[in-house]
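# Residue-level structure breakdown
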Amino acid sequence: MAAGVRRLPLTVLVAVGVVALVVTVLVAVTIGPAHLAVSEVARSIGVHLHLLGAGGAAPVPTLHDAIVWQLRLPRVLTAAAVGAGLALSGAVMQSLTRNPLADPYLLGLSSGASLGAVAVLVVGVALVLPLAAFAGALLALVGTLTLARAGGTLTPGRAVLAGLAVSQLAAAGTSFVIFWTATGDSYREILAWLMGSLAGATWRSVAISAGALLVVGTVLVVSGARLDAFTFGDTSAAALGLHVDRTRWTLMTLVALLTGAMVAVSGAIGFVGLVLPHIVSALTGPAHRRLLPVAALAGGTFLVWADTLARTAFDPRELPVGIVTALIGVPVFAVLLRRGQGSAWS
Amino acid sequence: MELTIAGVGTRLGGRWVVDGVDATPPTGALTGLLGPNGAGKTTLLRLVAGLLVPQAGAVMVSDDEPGPGPTSTAGAAGAVPPRQVPVHLLPRRHRARRIALLEQESSSAVPLTVRDVVALGRIPYRSWWGTDDDPAAVDRALEAAEAAHLADRAWATLSGGERQRVQIARALAQEPALLLLDEPTNHLDVAAQLHLLAFVRNLGTTTVAALHDLNLAAAFCEHVLVLSAGRLAAAGHPADVLTPALLRQVYGVEAEVLTHPRTGRPVIAFTDRSPVGPTPRPQEDR
C-alpha cells in the first residue's frame, strides 16, 4: 500500500489475532465463581492433550481440572468457534447481498436455524440437529430473499424488513414447538434458542462448531477474491470473470451451513455477524482475503468475552449471551444507519 | 482485438431487444454506439462482453493470446475469419483478461480507496491463494488513466469525473484488448467529457462506447453504430452516418449537420421543431 492508507500486512494482523484469541481463551477459562490461575489452566490443558507428563509439574487439583476440562474450556472454545463463524457469515453475506446490514441474525437465518433445530429436538434425534439447523437457515434465507425481491429490486432496507418478518415467524414457530412439548423450564429453553446461550456447551458442541468453522470457513476465506468481485454489483462481477449465480448460491449455501452449525450449539446470537466485519474492515481494508481471516479471529475473541460477561456479570444468575451482544451491537448498528443515510441504502 | 458482431440478437421478455445486428467495429479505434433510450445499447454491450448469450448470431473475437480455447465453436456464424471465436464461449476468467466492461452506474456501499477499486481489475489474474494484486499493474493502470494522484483517496469523496477516471483505471487494470464503455460521459462536465473521450481514443485499444451526445460521438469516434429499436440503423464514419435524414428517422428530431471549421468533423445543430410536422406557432398578432 502506498503512503496515506498504510495497512498492516496480513501476517501481522493474523498473528496479533491468533495471540489475542489464545490469551482470551486461557484467561476466560480462569474467570468464574471458582477463580483459577492461568498456569493451572495451561497445565490442565497440557495434561489432557498429553503435552505434559502427568508427573511433571505440580498436578492440578481434580476439582479445578474438572472445571477447566469439563465445564469452562468446552464453553469458551464453543464461544470462540461460534463467534468466528458468525463473523465470517456476516462478512460474506454483506458482500454477496451488497448490503452493509446483512447478517445471519438480521436476515432471519439464525431464527430459521433455531426453528429447524428445535423441530428435530422434539423428535429426539439430536444427531441430525446441525443438519436440521442448516435446513432451517437455508429455508429462512430463501424466504427472506424471495420476500425482499417480491415486487421490486433487492435493496438493503427491503432485505432487512423481509429478514425481520422471516425471523419473527421462525421465532414464533420455535416458541410454539417448545411450549407444545414443554418438559420443564420451557421459558429458559425458548430464551436460549432465541437470544442465544452457550450454557449447555460440551465437547460435542466444540466438535460441531469448530468442525464447521474449519471446513466451511476455509472455503469461504479462499473465496475472498470472488467476494471482492461483487463490490460494484453483479454485472461488474460477471465482467471480472465470475459465474455470478453459481458463485452467489454456492457461497450463500455455505453461509447457511455455517450459521446452522453455530445455531445448533448456541441458539441465535445476534449482532456478531453484523458488527465485527465493519470494525475489522477499518483495519484490513475491504479486500476479503484480508478481511475474512481477521474478522473470524476477532469474532471468536469478541464472543468469548461477551459470554464471559454473560455468565459472570450477575453471578450466580446467567444472562443469555445475546443480551450482551445486542447491548454492544445495537449502538454500532445505529452508527451504521446514520452513516448510511446516503445513496446506496434505500 | 478484432471484433465481429454477426447477426446478433437477443430477447428479453419476448421482445427482441437486440435484433440481427451485424457490425465490424474497427480494430484499435474508438467506435461510438448511438441510439435513443431503449434502443438496445446496453444489451448489445453485454452481448459483446460475453455476459449474455445471444439467442441469434454470435459475437466473434480474435483470441490471439495464449490461453485455454473455447469449449466449443458451436453457434459460430459463417463469414468470419477462422481464428475468431464466439465471445460467450471463452472461459470466464480468460475472457475477463481480454475484455473489460464499464457499467453506466458504479456504486458501492463498501468504504473503498481508489487503489482498492483499481485493484478489483486484477481479480481475473489472481491465483487461488494469492492476496497480492500485482501493485505494479495497479500503478500502471492508475498512471495510464491519469488517476495516480487519487490513489489514496476514499472513493466516496471523488467527483463524478474523478470516479469515471478511476473506473477507467479499473478497466485498464484488466489489461483488456477490448474495452466496452456504457455511457462513460454521463454526469461529467464538458471538460471532463472531452478529456475522457480524447483519452480513450488515444489508448489504441479497440473500444466500443455507448454515447448519448451525438456531437461528442461525431468529434471523437472513428466509427459509429446507430441502433434503433434493437436494429442497426446505420454504421460507418460519423460524417457519412450522422445525416439529417438519419437523425429524423432514428431520434425523431430535426437537425442541420454542419462541418466543424477546424476539425472537419460533423457538428449537429438541432432545430426547435417537433418531429411530426411544424408546431403551430403562437399567433403573431396576439
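Structural data are supplied above this passage.
This write-up is about the structure you can find in this document.

On a plain count of helices and strands, chain B comes out with nine helices and twelve strands. Across the 286 residues in chain B, those meeting the buried criterion constitute 49%. Across chain B, every contact between residues at least 6 apart in sequence was considered, and the portion connecting residues at least 24 apart equals 64%. Accessible area of chain B: about 13000 Å², with a carbon and sulfur share of 52%.

This model, assessed by the stated rule, comprises four aromatic pairs over all chains. Ring geometry for A:Trp69 versus A:Trp203: centroids 4.7 Å apart, planes at 40°, classification tilted. Of the two residues, A:Trp69 is situated in helix α3 (residues 62-96) and A:Trp203 in helix α8 (residues 203-222); the sequence distance between them amounts to 134 residues. By relative accessible area, which is 18% here, A:Trp69 ends up buried. The exposure class of A:Trp203 is partly exposed, given its relative accessible area of 33%. Arranged with centres 5.6 Å apart and planes meeting at 25°, the rings of A:Phe176 and A:Trp180 form a pair that is stacked. Residue A:Phe176 and its partner A:Trp180 are both found in helix α6 (residues 156-180); the two are separated by four residues, about one turn of the helix. Accessibility expressed as a relative area gives 67% for A:Trp180, which makes it exposed. Positioned above the aromatic ring of B:Tyr125 is the side chain of B:Arg122, whose terminal nitrogen or guanidinium carbon lies 4.1 Å from the ring centre. Directly above the ring of B:Trp155 sits B:Arg163, whose terminal nitrogen or CZ lies 5.0 Å from the centroid.

All names here are of chain B. Overall, mixed pairing links the six strands, which are arranged β6-β7-β8-β3-β9-β10 in an open sheet. Looking at strand neighbours, the two that pair on one side only are β6 (99-102) and β10 (231-236), the edges of this open sheet. Going across the sheet, the axis of each strand differs from the next one's by a mean of 15°, ignoring polarity. In this structure, β6 lies alongside strand β7 (residues 178-182), joined through four bridges in parallel fashion. Bridged to Ile99 within β7 is Leu178. Its contacts with the sheet put helix α5 (residues 160-173) on β6 and β7, and the angle it makes with β6 is roughly 160°.

Here we take up the interface of chain B and chain A. Residue-level contacts link 34 residues of chain B with 27 residues of chain A. For the pair chain B and chain A, the two sides together bury roughly 2700 Å², of which 63% comes from carbon and sulfur. Counting the contacts that link chain B with chain A gives two salt bridges. Where chain B meets chain A, there are nine residue pairs in polar contact (both at pLDDT 80 or more). Put simply, the parts of the chain that give the side of chain B that touches chain A at least two residues each are α2 (92-98), β6, α3 (114-119) and α5 of chain B. Classifying every residue of the side of chain B that touches chain A by side-chain character gives 15 nonpolar, ten polar and nine charged.

Moving on, we come to the nonpolar core. Within the largest apolar cluster, 141 residues are counted, with the highest numbers of intra-cluster contacts made by A:Leu303, B:Val118, B:Val166 and B:Ile168. When neighbours within four sequence positions are excluded, B:Val118 is seen to be in contact with B:Val138, B:Ala141, B:Leu142, B:Val166, B:Ala169, B:Arg170 and B:Ala173. Judged by nonpolar contacts, the second largest core, of 29 residues, contains B:Ala23, B:Leu33, B:Val87 and B:Leu178.

All right, on to the environment of A:Pro9 then. Residues and elements named next belong to chain A. Note that Pro9 resides in the segment before α1 (10-30). Judged by relative accessible area, which is 43%, Pro9 ranks as partly exposed. Residues Pro9 and Arg290, spaced 281 residues apart in sequence, show a C-alpha to C-alpha distance of 8.9 Å.

Right, let's talk about the pattern of salt bridges for a bit. According to the stated counting rule, one finds twelve salt bridges over all chains in the structure shown. In this structure, B:Asp116 engages A:Arg7 in a salt bridge whose closest nitrogen and oxygen atoms are separated by 2.9 Å. Here B:Asp116, found in helix α3, pairs with A:Arg7, found in the segment before α1, and the two come from separate chains. Of the two residues, B:Asp116 and A:Arg7, both sit in the buried class. Between B:Asp139 and B:Arg115 there is a salt bridge, with the nearest N and O atoms lying 3.2 Å from each other. Taken together, the residues B:Asp139 in helix α4 (residues 135-144) and B:Arg115 in helix α3 connect sequence positions 24 residues apart. A network of salt bridges, in which partner residues are shared, links B:Arg122, B:Asp134, B:Arg140 and B:Glu175.

What follows concerns α1(A). Residue and element names in this part refer to chain A. Along its 21 residues, α1 runs 30 Å from first to last C-alpha, staying within 8% of the 30 Å computed at 1.5 Å per residue. In this structure, the buried side of α1 is in contact with α2 (38-48), α3, α12 (272-284) and α13 (288-312). Positive backbone phi, at 155°, marks Gly32, one or two positions downstream of α1.

Relative to the assigned elements, B:Thr185 resides in the loop between β7 and α6 (190-202). Apart from the residues within four sequence positions on either side, B:Thr185 is in contact with B:Gln193, B:Leu196, B:Leu197, B:Leu211 and B:Leu216.

So, on to the pairing of strand β2 (residues 15-23) of chain B. Residue and element names in this part refer to chain B. Here five bridges tie strand β1 (residues 3-12) to β2, and the two strands are oriented antiparallel to one another. In the sheet register, Thr10 faces β2, and the bridge partner there is Val18. Linking two consecutive strands that pair antiparallel, namely β1 and β2, is a turn of two residues; a positive phi of about 60° is found at Gly13 within it.

A:Pro316 follows A:Asp315 through a cis peptide bond whose omega is 10°. Assignment of secondary structure puts A:Pro316 in the loop between α13 and α14 (321-339). Here A:Arg98, not a glycine, exhibits a phi torsion of approximately 50°, which is positive. Here A:Arg98 lies in the loop between α3 and α4 (109-123). Looking at A:Arg98, the relative accessible area reads 30%, which means it is partly exposed. Its identity as a non-glycine residue notwithstanding, B:Glu183 has a phi of 45°, on the positive side.

Side chains that are three or four residues apart share a direction in an α-helix, a result of its 3.6 residues per turn. All names here are of chain B. With 13 residues, α6 extends 18 Å between its outermost C-alpha atoms, agreeing within 8% with the 18 Å of an ideal straight helix rising 1.5 Å per residue. Within the sequence span of α6, burial applies to Gln193, Leu196, Leu197, Ala198, Phe199 and Val200. Buried residues along α6 sit against β3 (30-34), α4, α5, β7, β8 (206-210) and α7 (214-220). A positive phi of about 80° marks Gly204, the residue just after α6.

The next thing to look at is the environment of A:Asp65. All names here are of chain A. Residue position: Asp65 is located in helix α3. For the pair Asp65 and His48, spaced 17 residues apart in the sequence, the C-alpha separation amounts to 9.5 Å. Residues contacting Asp65, with those up to four places away along its chain left out, are Ser44, His48, Val60 and Gln70. A polar contact of 3.0 Å, which involves the side chain of Asp65, links it to the side chain of His48.

Cut-offs and rules
Residues numbered from 1 in each chain as written. Chains lettered and ligands numbered in written order. Predicted model: local features only at pLDDT ≥ 70, side-chain atom pairs only at ≥ 80, totals over all residues. Heavy atoms only, no water. Helix = DSSP H or I, 4+ residues; strand = E, 2+ residues; numbered from the N terminus. Buried < 20%, exposed > 50% of the residue type's maximum accessible area, 1.4 Å probe, protein only. Contact = heavy atoms within 4.5 Å. Areas by Shrake-Rupley, 256 points an atom, 1.4 Å probe, with all protein chains shown as cover. Phe/Tyr/Trp six-rings, centres within 6.5 Å; stacked < 30°, edge-to-face > 60°. Lys NZ or Arg CZ within 6 Å of the ring centre and 35° of its normal. Pairing = 2+ DSSP bridges. Axes fitted to C-alpha atoms, helices over the stretch in contact; angles between N-to-C directions. Buried area = accessible area lost by both parts, 1.4 Å probe. Salt bridge = Lys/Arg side-chain N within 4 Å of Asp/Glu carboxyl O. Polar contact = N/O pair within 3.5 Å; in protein donor to acceptor, adjacent residues only side chain to side chain. Nonpolar A, V, L, I, M, F, W, Y, C, P; charged D, E, K, R; others polar. Core = buried A, V, L, I, M, F, W, Y, C linked by side-chain atoms within 4.5 Å. Expected span 1.5 Å × (residues − 1).

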